Amino acid sequence: MSQYKRAAGGGQYAGMSERKKLKIKQENSELYDEGIKQEMMTVDAKMERPEDEHPAEIVPIVREREVIIPKKASMLVIPGEPNREGIIRDLATQFFEPPSGTDYSFQSLKPDAHTRPLWVADDGKILLEAFSPLAAPAQDFLITIAEPVSRPARVHEYRLTTYSLYAAVSVGMETNILLEVLERYSKVKLPERVIRFIKDCTLSYGKVKLVLKHNRYFLESSYPEILRLLLKDQVISEARLVRQDDNMNGSTSLLSKPKSLLPSAQGASRAAPTEANIAAATTPANAALDDTAFGAVIFLDQADDDADADGEADFAQSFEIEKARVEDVKKRCTELDYPLMEEYDFRHDDVNPNLDIDLSPRCMIRDYQEKSLSKMFGGGGGRARSGIIVLPTGAGKTLVGITAACTVKKSTLVLCTNAISVEQWANEFRHWSTISEDRIAKFTSQSKAKFAGESGIVVSTYTMITHSGTRSWETGKMIEFINSREWGLLILDEVHVVPANVFRRVLTTVAAHTKLGLTATLVREDEKIADLNFLIGPKLYEANWMDLAGRGHIAKVEATEIWCPMTGDFYHHYMRLSPRKRRLLCVMNPIKFMVAQYLIRTREAAGDKIIVFSDNVYALRHYAHKMKKPFIYGKTQEKERMSILNYFRNGHPSFQTIFLSKVGDTSLDLPEATCLIQISSQFGSRRQEAQRMGRILRAKRRNEEGFRSRFFTLVSQDTDEVAFSDKRKRFLIDQGYQYKVISSIKDLIPEEEMSELAYYSKKDQADLLNMLLKAEENAGDEEEIEAREDDLGFTGASSTDKGKGRGKRPAGEKAKQLALEKKRNPLFRKFYKKNV
């Protein structure tokens, strides 16, 4: 017992039995997991024994360094906790009691509270007064330590989370500095729960790093006790890799240079492991239990061979893990409150050749882009951190990625969602950097050439890298080329839309020192966005949309929701048909068609260039044909797509308005667009709403005095579309946008112009209804895009692998497809194949 001491009790659970404390954690904490289950089992076992024989809590005393065994950090509010007493009871109290709200009236204000911009609540919520003179520096600070929840004009809401605090420490912020600055800005004294939560989340971060050396992954730390603690975990111990013949360049294996990492009780000299111990260490069953096994698989980094202030050697120690288990280890370390920090010392990397690339002299980096990159490279000493940067569409995410590549100056791999994005990234590299043409390689179904020289840029799609089906010989050789080398930087474009299983394949096949995720909308409807924190890294920076719009970096937008009532006959059938047909009636609502036609007519007359979005292809084709406008959807050929988009960009009078399906949600660069009309959408997707607004945020006319882009959403009144629209707007409202609602079309369309619109007469409306009732059941479904070989989600065989039997369609389906192709846009007959 000489090496152990009792842990002091108290805190938020003071006075409670140990069993009761853990029961509250189990019932209320979202962080409850197997760790708490195990802890409860241990408590039950201890309660059956005398207290003096088995201490309630014991923590090993560490001689050389202090190892903080982290808790499951939680902002859980326990009823009756002392520091929540003192709530001011009045008539408003009933509206602020859980679960509908929280009463913070027990937190007393500081005497000079009116000069401070923040209110820090005891549940981790932080409110910022955006009108305060100190709002700007306070906002920069909050972006670093907290997650933005809502940022309207006057008051912004943030929340402290585990991941946001991990991100703060990863960019160099120390715990005591964080608490000091937060206390300085806060109107109230920092609650003890908040202080405890911040310490629990930050004191253990940065102790362990994930390091890539010679295409092999290592967990590295200057704290041997922490590595021993991690190796005793089953997931991590099973993922470690032991090599008997290890003798890496730049590090020495303990197998060849024996040196125990564990201190003796009296601080005696370290003993070398015996051959028997080494042999035992290579057995997975013994690895997690035997301390000698720990020593046998640790490597000492010779780069840190300098003596410390006390004259002792301060080695960075590490052990190798399997490449295929990297994701599991990262996730498990996060669960253990030891999230892995990924840093790349690119300036001192003499293994990977440098890339001759710099920013073009004509390139001007904006202040917010520079600020976002400072979070990635701000540690100094030529180190780069992995993480995610969030900027709205049109704010220059691509330039941020190119600047990062120019800073690292190592081979860079860029992954996109489709071939159009590949072309755009390659063109942007040529335009904004000094890299030579032969150092840029595109890896798509149409291009598989390698770059010249020892280093370069490869731009490809997620599918080309991860597709596991039969591939052509050229594709296989390119995959081998990519997987056989180390990449200084891996750029992941539109990182939010990529499924986790695709990421797993990327992480297990591509060896990259630094990963940079870029996105405009860090939201997913399946709530799996948190997975990106351990798959890539923490969120390094998120810009304020309204601030960028106010400074002219993106366009100001006037958002309007128009309620379109259904005719009596339409609504009569809407209430009786299947959900699929109901969706079709919503989008084909004749009043909605009239509103869309009126908006197109008036906005074209005002000089706007218009995009009309519809996820339903049946409606998309009908609207476009009826109004004689070009359209693009999933089955539109690449040549036709590019022609339509070029005519739109160049101002052709017949292409002032184009209709797009969901294929236009991302990766389309259309700075000429100034107006967007949405007639149908993907249920309640917040991400899609923000992505579509992004199509008009980069408008070229954004700096004209008084100019605003216009965003119209047409909603069939008293239908399911109302609820979906309400959910879709939440993300943009949280960014500070306001929606104007037009509840009556009489307030929009003059009475004398009504009769000039399609489907104004009862007869036309009846004919339209009969056509819809006769339509196939699946006509109401949203578009199912048949992915091409380059597109995210592709599962079939490549065009170079025909005849393999994979991805082949039945003859009947092929004939049906050919029949559909014949009905395509009449403006582009000349581009069709002659046999169609």
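Please refer to the structure higher up on the page.
In this report, we go over the structure that sits alongside the text.

Conventions and cut-offs
- Residues numbered from 1 in each chain as written.
- Predicted model: local features only at pLDDT ≥ 70, side-chain atom pairs only at ≥ 80, totals over all residues.
- Heavy atoms only, no water.
- Buried < 20%, exposed > 50% of the residue type's maximum accessible area, 1.4 Å probe, protein only.
- Helix = DSSP H or I, 4+ residues; strand = E, 2+ residues; numbered from the N terminus.
- Contact = heavy atoms within 4.5 Å.
- Pairing = 2+ DSSP bridges.
- Axes fitted to C-alpha atoms, helices over the stretch in contact; angles between N-to-C directions.
- Lys, Arg positive; Asp, Glu negative; His and termini not counted.
- Salt bridge = Lys/Arg side-chain N within 4 Å of Asp/Glu carboxyl O.
- Polar contact = N/O pair within 3.5 Å; in protein donor to acceptor, adjacent residues only side chain to side chain.
- Parallel < 35°, antiparallel > 145°, perpendicular 65-115°, else oblique.
- Left-handed = near helix turned anticlockwise from the far one by under 90°.
- Nonpolar A, V, L, I, M, F, W, Y, C, P; charged D, E, K, R; others polar.
- Patch = residues over 30% accessible without salt bridge, like charges linked within 9 Å, V, L, I, M, F, W, Y side chains within 5 Å.
- Areas by Shrake-Rupley, 256 points an atom, 1.4 Å probe, with all protein chains shown as cover.
- Core = buried A, V, L, I, M, F, W, Y, C linked by side-chain atoms within 4.5 Å.

Some points on helix α22 (residues 579-587)
Move 1: Taken together, the buried positions of α22 are occupied by Lys581, Leu584, Leu585, Cys586 and Val587.
Move 2: Against the buried residues of α22 lie α21 (568-574), α23 (590-605), α24 (617-627), β26 (709-716), α27 (720-728) and α30 (762-774).

Points about the sheet that holds strand β27 (residues 739-742)
Move 1: The strand order β23-β24-β22-β25-β26-β21-β27 describes an open sheet built from seven strands, whose pairing is parallel. Two strands bound the open sheet, and with one partner strand each, they are β23 (631-632) and β27.
Move 2: With respect to the sheet, helix α26 (residues 686-694) is in contact with β21 (557-564), β22 (610-613), β25 (675-678), β26 and β27, its orientation differing from that of β26 by roughly 140°.

Quick word on the side chain of Asp123
Move 1: Position of Asp123 relative to the elements: it lies in the loop between β3 (118-120) and β4 (125-129).
Move 2: Nearest to the buried, unbridged Asp123 among oppositely charged side chains is Arg159, at 4.6 Å.
Move 3: One polar contact links the side chain of Asp123 to the main-chain amide nitrogen of Lys125, over a distance of 3.2 Å.

Description of unusual backbone geometry
Move 1: In the Ramachandran plot, Asp337 falls in the positive-phi region, its phi being about 65° despite a non-glycine side chain.
Move 2: Checked against the element boundaries, Asp337 lands in the loop between α12 (326-335) and β12 (343-345).
Move 3: By relative accessible area, Asp337 is classed as buried at 6%.
Move 4: One non-glycine residue, Glu494, lies in the positive phi region at around 50°.
Move 5: Relative to the assigned elements, Glu494 resides in the loop between β18 (486-493) and α18 (500-509).
Move 6: Overall, the relative accessible area of 8% leaves Glu494 in the buried class.

Points about the sheet that holds β4
Two pairing modes exist for strands in a sheet, parallel and antiparallel, and in both the strands are linked by backbone hydrogen bonds.
Move 1: The strand order β3-β4-β6-β5 describes an open sheet built from four strands, whose pairing is antiparallel. The open sheet has two edge strands with one neighbour each: β3 and β5 (147-150). The sheet shows a mean angle of 30° between the axes of neighbouring strands, taken without regard to direction.
Move 2: Bridging between β4 and strand β6 (residues 155-159) involves five bridges; their strand directions are antiparallel. Opposite Glu129, over in β6, you have Val155 as the bridge partner.

Observations concerning the pattern of salt bridges
Move 1: Across all of its chains, the model carries 35 salt bridges by this definition.
Move 2: Residue Arg332 is joined to Asp233 by a salt bridge in which the shortest nitrogen-to-oxygen separation is 2.9 Å. Taken together, the residues span a long stretch of sequence, with Arg332 in helix α12 and Asp233 in the loop between α7 (224-231) and α8 (234-239) at a distance of 99 residues.
Move 3: Ionic pairing is found between Lys442 and Glu423, a salt bridge with its closest N-O pair at 3.0 Å. Of the two residues, Lys442 is situated in strand β16 (residues 440-443) and Glu423 in helix α15 (residues 419-432); the sequence distance between them amounts to 19 residues.
Move 4: Looking at Glu423, the relative accessible area reads 37%, which means it is partly exposed.
Move 5: Overlapping salt bridges bring together Glu147, Arg151, Lys539 and Glu542 as one network.

Some remarks on the packing of helix α5 (residues 175-185) against helix α6 (residues 192-202)
Move 1: One can describe the packing of α5 onto α6 by two numbers: an axis separation of 10 Å at closest approach and a directional angle of 155°. Our classification of the angle between α5 and α6 gives roughly antiparallel. Crossing hand, α5 versus α6: right-handed. Of the residues in α6, those in contact with Thr175, Leu178, Leu179 and Leu182 of α5 are Ile195, Ile198, Lys199 and Thr202.
Move 2: Grouping the amino acids of the contact of α5 with α6 by side-chain chemistry returns five nonpolar, two polar and one charged.

Brief notes about the pairing of strand β14 (residues 387-390)
Move 1: Residues Gly387 and Ile389 of β14 are buried on one face, and the alternating residues Ile388 and Val390, pointing to the opposite face, are buried as well.
Move 2: In terms of strand pairing, β14 meets strand β19 (residues 511-519) through four bridges, oriented parallel. Counted as the bridge partner of Ile388 is Gly517 from β19.
Move 3: As paired strands, β14 and strand β20 (residues 539-542) are joined by three bridges and run parallel to one another. What sits directly across from Ile389, in β20, is Tyr541.

Concerning a nonpolar patch on the surface
Move 1: On the surface, Leu127, Phe131 and Val155 cluster together into a nonpolar patch covering about 240 Å² of accessible area.
Move 2: Judged by relative accessible area, Phe131 falls into the partly exposed class, the value being 46%.

Section: the nonpolar core
Move 1: If you look at the biggest cluster of nonpolar residues, it comprises 95 residues, and the most contacted ones within it are Ile145, Leu160, Leu182, Trp425 and Phe429.
Move 2: With six residues, the top contributor of residues to this core is helix α14 (residues 397-408).
Move 3: In this structure Trp425 touches Thr398, Gly401, Ile402, Val414, Cys416, Val459, Ile491, Asp493 and Leu518, once residues within four positions along its chain are discounted.
Move 4: Val587, Ile591, Met594 and Val612 belong to the second largest nonpolar core, which has 47 residues in total.

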